[in-house]
Amino acid sequence: MPVAFITAMSTMAKQLGANRVITGTKIPHPCGDPTLSAEADKALRRAIVICALEALQKDVAGPTIFVPDITFTSG
Amino acid sequence: MRLELATFSLRDIQFGSHTACSKGTLTINKDELAKLILEDKRVSSADLDVAYPGEKTRIVKIHDVVEPRVKVSGPGCVFPGILGPVETVGEGRTHTLSGITVMTSAEYRPTILSGTEARSGGIVDMWGPGASLTPFGATINIVLMVKLIDGVTELEAHEAIQSAEFRVARRLAETTRNLAPEGVETFELSICDPSLPRVVYVLTCLTEWHHAHSLIAYCGLPIRESLPTLMHPNELLDGTITVDARRGGGIFTTTWIWMTHPIVLELLRRHGKQLNFLGVILQRTRFETEFGKQVSATCVSQMARLLGAEGAVITRIVTSGNNFVDVALTVQALERKGIKTVFLTPEWGGKDGNELPLVFYVPEATAMVSTGSFERDVTVPKPDKVIGVGDTRLVNVYSEDKPFSPRDEVTLPSSFLMTGGVDWFGHLTLTCEEN
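Residues numbered from 1 in each chain as written. Chains lettered and ligands numbered in written order. Predicted model: local features only at pLDDT ≥ 70, side-chain atom pairs only at ≥ 80, totals over all residues. Heavy atoms only, no water.

## Notes on the overall build of chain A
As a reminder, the rule being used: The helix count covers DSSP runs of H or I at least four residues long, the strand count covers runs of E at least two residues long, and both are numbered beginning at the N terminus. Two things to know: the radius of gyration comes from C-alpha atoms, and the globule rule equals 2.2 Å times the number of residues to the power 0.38. Relative accessible area decides the class of each residue, using a 1.4 Å probe on protein chains only: under 20% of the type maximum gives buried, over 50% gives exposed, and in between gives partly exposed. Whether two residues are in contact is decided by their heavy atoms, any of which lying within 4.5 Å being enough. Accessible surface is estimated by sampling points in the Shrake-Rupley manner with a 1.4 Å probe; for residues, cover comes only from the protein chains shown. Counted as positive: Lys and Arg. Counted as negative: Asp and Glu, with His and the chain ends omitted from the count. Charge positions are represented by NZ for Lys, CZ for Arg, CG for Asp and CD for Glu.
The number of helices and strands found in chain A is 2 helices and 3 strands. Written out in order from the N terminus, the α and β elements of chain A read β-α-β-α-β. A compact globule built from 75 residues should have a C-alpha radius of gyration of about 11 Å, and chain A, at 12 Å, falls within 12% of that. Principal-axis analysis of the C-alpha atoms gives chain A an extent of 40 × 25 × 15 Å. Across the 75 residues in chain A, those meeting the buried criterion constitute 35%. Sequence separation of 24 or more characterises 46% of the internal contacts of chain A that already satisfy a separation of 6 or more. Roughly 4500 Å² of accessible area belongs to chain A as shown, and the carbon and sulfur atoms make up 57% of that amount. Taking the average location of the 7 positive side-chain charges in chain A and that of its 6 negative ones, the two points are 5 Å from each other.

Encoded structure:
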């Protein structure tokens, strides 16, 4: 069964052998950003989940990182 | 910047009617020092005891440890920004009392009851298997037992514990102000033979921006989300870097290990002889995004390149997998800029050593030194005496754990002991055998 793994630590997840890794926002909140407005947070979460759903439909030869169409601004 | 570090080696400590240092013996007036601690109105009670190497004594609830030092000439003071104004230190002359420590066994009513910020303090054994895992098994330790009043905030608790410890340490070092030291070592990054290899030390420090104190402070200012900072190594010897004095426990560093840093001292001693020591890059780690980790790694490697480094030594503190990634990415970034890098780190590996030793891997990390494992258990025997603040019948290190009796033989994760079987910077002489 294909699995899409959303995590802020995508390189580490790839090393551990996860086949479909989606780069999330931040370790404490990989799938969203509580500092954004509700509307902007929803758009961000949507972009990450869509990226994960697309990854599920793709064939991969081995561990692969998918980067959603979002902007990373926080450390 | 030229610093003379004048050493007074102490072989004995006695309680007496006045506080003074003479011929390797430090006499302490207990009442005077207790009174000094009680000047801080946040302290409700203060007492002192001394633990000697070899005696069957267990010290509990330890929150921080420090080596007594005082500045006798040159700008600023030891622990700038805390015991005096903010000042660039590392120049002039500093007196240090070696062979002894001041350690604080402290108790207060915490407002944080769980998580990594909630601590009851670490343990030091003065004999047996526990003593071999800590530099404090071989030093004479003056234990301050400090209780704080109710109602202090977490940051006030840190300040009060640290202030008691630092002021007592300064008072003890003051006893040597007019005495001749046994030895004086001079540390200076003078211009040297340009053919010597140019080496930088990357001192990474995990900090937690969201806690009352972030863990590591520069001139008393807790470092939160900064990019790397360039330091003169002498600044460390004068106590520019301090820690969160509430923590304790094996997995956190004490102030003592930063001010007596063996890698910094060794690089200073070899400067102009075998290498050209360029300075210390203090790198804040534990960014919460891979993006942040990459920015920090890139920034350190560029700073090292601008310094003209050909080689780098990099260490880490605190047993965090998160922080391991920052440091590994920094090793990668340094190597990719052509800077040969040696990486010192402890391992995981599980209780029997059969699990994965590292959580992350970069192919560029080709020269690594293991500084121990914090996942092993240690059985420590029954002591004759337990020193610690308040009720010592039951203690714990992590507030959420089941308390245990320190008055009996007990098997503990090595991380309960300071410094937990992990030798961050090379204070111990432990090694391993390949079977």
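What follows picks up the thread again.
## Focus: the interface of chain B and chain A
The condition is simple: Buried area: the sum, over both parts, of the accessible surface (1.4 Å probe) that disappears when the two are put together. Definition used for salt bridges: Asp or Glu carboxyl oxygen within 4 Å of a side-chain nitrogen of Lys or Arg. Under the rule applied, a polar contact is a pair of N or O atoms within 3.5 Å (in protein, one hydrogen donor and one hydrogen acceptor; residues adjacent in sequence only if both atoms are side-chain atoms). We call Asp, Glu, Lys and Arg charged. Ala, Val, Leu, Ile, Met, Phe, Trp, Tyr, Cys and Pro are nonpolar, and the rest, Gly among them, are polar.
Taken residue by residue, the interface counts 14 residues in chain B and 14 residues in chain A. Here chain B and chain A share an interface that buries about 1200 Å² over both sides, 59% of which is from carbon and sulfur atoms. On the chain B side of the interface with chain A, the three residues burying the most area are Glu 288, Glu 290 and Phe 291 of chain B, jointly 46% of the side's total. The tally of links from chain B across to chain A stands at 1 salt bridge. With a closest N to O distance of 3.7 Å, Lys 26 of chain A and Glu 288 of chain B form a salt bridge. Connecting chain B to chain A are 7 residue pairs in polar contact (both at pLDDT 80 or more). Elements supplying a minimum of two residues to the side of chain B that touches chain A: helix 7 (290-306) and helix 8 (321-336) of chain B. Here the side of chain B that touches chain A takes 4 residues from helix 7 of chain B, the largest share from any one element. Class assignment of the residues belonging to the side of chain B that touches chain A gives a composition of 6 nonpolar, 4 polar and 4 charged.

## Things to note about the pairing of strand 1 (residues 4-7) of chain A
All names here are of chain A. Just so we agree on the cut-off: We treat two strands as partners when DSSP finds at least two bridges between them. If you view a crossover with the strands going away from you and the path from the first strand over the helix to the second runs clockwise, you call it right-handed.
With 4 bridges connecting them, strand 1 and strand 2 (residues 20-23) associate as parallel partners. Note that in strand 2 the partner of Ile 6 across the bridge is Ile 22. One crossover worth recording links strand 1 to the parallel strand 2 by way of helix 1 (residues 10-15), and it is right-handed.

## Things to note about a nonpolar patch on the surface
As a reminder, the rule being used: Here a patch means residues that are over 30% exposed by relative accessible area and free of salt bridges, tied together within 9 Å if like-charged and within 5 Å if nonpolar (Val, Leu, Ile, Met, Phe, Trp, Tyr).
A cluster of nonpolar side chains, namely Val 49, Leu 53 and Leu 56 of chain A, defines an oily patch on the protein surface of about 220 Å² accessible area. Taking relative accessible area as the criterion, Val 49 of chain A reaches 37% and is therefore assigned partly exposed.

## Considering the pattern of salt bridges
Should their charged atoms come close, side chains of opposite charge can pair. All names here are of chain B. Tallied over the entire structure, the rule returns 30 salt bridges over all chains. Glu 39 is paired through a salt bridge with Arg 167; the nearest N and O atoms lie 3.6 Å apart. Linking Glu 39 in the loop between helix 1 (30-38) and strand 5 (43-51) with Arg 167 in helix 3 (residues 154-174), this pair joins segments that are 128 residues apart in sequence.

## Looking at the packing of helix 1 of chain B against helix 3 of chain B
Helix packing for two helices is described by the angle between their axes and how far apart those axes are. Residues and elements named next belong to chain B. The line we're drawing: Axes, fitted as lines to C-alpha atoms, cover a helix only where it is in contact. Angles between the N-to-C directions of the axes lie from 0 to 180 degrees. For this classification, under 35 degrees means roughly parallel, over 145 means roughly antiparallel, 65 to 115 means roughly perpendicular, and everything else is oblique. Crossing handedness follows the turn of the near helix against the far one: under a right angle anticlockwise gives a left-handed crossing, and clockwise gives a right-handed one.
Taken N-terminus to C-terminus, the directions of helix 1 and helix 3 make an angle of 140°; their axes are 9 Å apart at the nearest point. When the interaxial angle is binned, helix 1 and helix 3 end up oblique. Where helix 1 crosses over helix 3, the two elements pack in a sense that is right-handed. Together, Glu 32, Leu 33, Leu 36 and Ile 37 of helix 1 and Ala 164, Arg 167, Val 168, Arg 171 and Leu 172 of helix 3 make up the contact between the two elements. Among the residues forming the contact of helix 1 with helix 3, the class breakdown is 6 nonpolar, no polar and 3 charged.

## Looking at the packing of aromatic side chains
Residue and element names in this part refer to chain B. For clarity, the cut-off: In summary, the pairing rule links any two rings of Phe, Tyr or Trp, Trp by its six-membered ring, whose centres are within 6.5 Å, and it sorts them by plane angle into stacked for under 30 degrees, edge-to-face for over 60 and tilted for everything else. Whether a charge lies above a ring is judged from NZ of Lys or CZ of Arg, which has to be within 6 Å of the ring centre and within 35 degrees of the ring normal.
Using the criterion set out here, one finds 6 aromatic pairs over all chains in the structure. Consider the rings of Trp 258 and Phe 425, whose centres lie 5.6 Å apart with planes at 80°: the pair is edge-to-face. A residue pair is termed long-range when its members are at least 10 positions apart, and Trp 258 in helix 5 (residues 255-259) and Phe 425 in the segment after strand 24 (410-413) qualify at 167 residues. When its relative accessible area of 0% is taken as the criterion, Trp 258 is described as buried. In this structure Phe 425 comes out as buried when scored by relative accessible area, which is 2%. Considering the side-chain rings of Phe 324 and Phe 343, the 5.6 Å spacing of their centres and the 40° angle between planes classify their relative orientation as tilted. With Phe 324 in helix 8 and Phe 343 in strand 20 (residues 340-347), the pair connects residues that are 19 residues apart, well separated along the chain. In this structure, Lys 30 is placed above the aromatic ring of Phe 15, and the distance from its NZ or CZ to the ring centre is 4.9 Å.

## What to know about the side chain of Arg 20 of chain A
All names here are of chain A. Of note, Arg 20 is situated in strand 2. Summary of buried charges: Arg 20 has no salt-bridge partner, and the nearest side chain of opposite charge, Asp 59, is 5.0 Å away. For Arg 20, the side chain forms a polar contact with the main-chain oxygen of Ala 55, separated by 2.9 Å. When residues no more than four places from it in sequence are discounted, the contact partners of Arg 20 are Pro 2, Val 3, Ala 4, Phe 5, Ala 55, Leu 56, Lys 58, Asp 59, Val 60, Thr 64 and Phe 66.

## A word on the sheet that holds strand 4 (residues 25-28) of chain B
Residues and elements named next belong to chain B. The strand order 2-4-3 describes an open sheet built from 3 strands, whose pairing is mixed. Strands at the two margins of the open sheet, each flanked by one partner only, are strand 2 (12-15) and strand 3 (20-22). For this sheet the average axis-to-axis angle between neighbouring strands, irrespective of direction, equals 20°.

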